Amino acid sequence: MLFSSIVFLCYFFPVVFLLYYVFSFSRMIQNIILLIASLIFYAWGEPVYVFLMIGSIIVNSGVGYLVGKWEGIKKKVILWIDIVANIAVLFVFKYLGFVLESLEIMKVGELNLPLPIGISFFTFQALSYVVDVYWGTTKPENPFYVGLYISFFPQLIAGPIIQYNTVADQIRNRKTSFDKIAVGLCRFTTGLGKKVLLSNCFAAIADNVFQWSAIGTDKVTVPAMLAWLGSIAYTMQIYFDFSAYSDMAIGLALCFGFKFGENFNYPYIATSVSDFWKRWHISLTDWFREYVYFPLGGNRVSNQDYMVRNMFVVWLCTGIWHGANWTFIFWGLYYFVLQLAERFFEYPDKIQSRLLKHLYVLLVVNAGWVVFRANDLYQAGRFFLNMLGMNNNGFYSETAFMLIRENWVFLALGVVFSSPIARNMNEMLYKKPDSLVNRVYTICYPVVMLLLLLISVSYLASGTYNPFIYFNF
């Protein structure tokens, strides 16, 4: 079930919200409602694989109990059995077909094993719970609370990835208020608008350009201008798509009293690749740092070769996590090379110009998204040749100008809202609560949110939508 769907907006969420607050006198009943609603939410799109998720809940909560109870070698053995079992399930459903095809044993289509939606997200949450119990940072919980943590529908399908110790107290003792509900609904509406009005618009441009590029220059010529427009459109699409889901997830959670950490912090204003990954998909970066990089030794190692090895493992895993394709592996290692080069050349400390640093990040990130979006490495290579005008494709494109003329408003809004301009304006207004501008803004804000909601729903009613990109991961 999509957040940006009529079924969710008009039926599922209102019913769950109403039931939740009807039983506001009992936190236990509210938690039961959320657990049942989360299982229904997942079963709506995955009627069979919901049992896979339930199995993950039962197994990992059971292992968490044993890890918390046992000591010594038994504790370590059961932990590693659980880690291997979780990774094995993820491997079978997500990577087995890719491996068999790469070894020329079987084609992916012949395996006929659909990918469970969001399996990477809920598997990582389950793993983090068991590891945290092993480390002693989390106490063993009963399956009911673990089940709510893993299956909670706002963040179930595409994150953010939550650590149990950040919500353990909230599951039992969270507080709800009208202010939280209001802020949560506004945050959700903002995310819905970003998805429906911006991301989907950029998707239409990017999909067409990448499809034309895949056909081949002998049939369709993609001039350099059009190729650049397609790559920029995808760069905007993936940001507004994924950050929109995170906005909606954080907003929905807030409506039920849960406070999640931010998953994006304007990554396209970064001045280095390292800075970009502190701002992009923050929960995934934190997960790999906490559960892979630091256990390997991080950068606190006597031999710098080990630090390079640790970085390599993290970025290889990051690429693999995103999908079963050589493009994702190349994309992960691409960022490993970039971050290693920044450390070696002591970047960005040696460059004073913030503008140059910002342009550098935009260029390398844009190039990375081309690889990420391409069907395979060959198409990525051809697309880069198109961008450089080295594919007998020329530079000028009437189609590019036409697309810009038709979508210039959305492109301009994309540039504005991918920067902290709106946030900074909000902060400035709130610093002057007694000013006339602040009073007008306070009155207009809910009206604007209501209009944004109505416009977004009208777009959805007309069938203008596409699934979230990160559902596939």
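A brief look at the structure comes next.

Reading the values: rules and limits
- Residues numbered from 1 in each chain as written.
- Predicted model: local features only at pLDDT ≥ 70, side-chain atom pairs only at ≥ 80, totals over all residues.
- Heavy atoms only, no water.
- Axes fitted to C-alpha atoms, helices over the stretch in contact; angles between N-to-C directions.
- Helix = DSSP H or I, 4+ residues; strand = E, 2+ residues; numbered from the N terminus.
- Parallel < 35°, antiparallel > 145°, perpendicular 65-115°, else oblique.
- Left-handed = near helix turned anticlockwise from the far one by under 90°.
- Nonpolar A, V, L, I, M, F, W, Y, C, P; charged D, E, K, R; others polar.
- Patch = residues over 30% accessible without salt bridge, like charges linked within 9 Å, V, L, I, M, F, W, Y side chains within 5 Å.
- Areas by Shrake-Rupley, 256 points an atom, 1.4 Å probe, with all protein chains shown as cover.
- Salt bridge = Lys/Arg side-chain N within 4 Å of Asp/Glu carboxyl O.
- Buried < 20%, exposed > 50% of the residue type's maximum accessible area, 1.4 Å probe, protein only.
- Disulfide = S-S within 2.5 Å.

So, the packing of helix α10 (residues 178-215) against helix α11 (residues 224-255)
When two helices pack together, their arrangement is captured by the angle between the axes and the distance separating the axes. At a minimum axis separation of 6 Å, α10 and α11 run at an interaxial angle of 160°. Judged by the inter-axis angle, α10 sits roughly antiparallel to α11. In this structure, the crossing between α10 and α11 has a hand that is left-handed. Its residues placed into classes, the contact of α10 with α11 shows 26 nonpolar, 8 polar and 6 charged.

Here's the deal with a nonpolar patch on the surface
There is a patch of nonpolar side chains on the surface, built from Ile404, Trp408, Val409, Leu413, Val416, Phe417, Ile421 and Met425 and spanning about 690 Å² of accessible area. If you list the elements that add at least two residues to the nonpolar patch, you get α18 (398-417) and α19 (421-430). As for its placement among the helices and strands, Val416 is situated in helix α18. Val416 gets classed as partly exposed once you look at its relative accessible area, which sits at 31%.

Looking at unusual backbone geometry
Positive phi outside glycine occurs at His281, with the angle close to 45°. Tracing the backbone through its elements, the reader meets His281 in the loop between α12 (273-279) and α13 (282-296). Of note, Asn392 is a non-glycine position whose phi angle comes to about 55°, a positive value. Within the secondary structure layout, Asn392 lies in the loop between α17 (377-387) and α18. On the basis of relative accessibility, which here comes to 82%, the residue Asn392 falls in the exposed class.

So, the state of the cysteines
Scanning all chains against the criterion turns up 0 disulfides. There is no disulfide at Cys444, and the cysteine sulfur nearest it, in Cys186, is 13 Å away.

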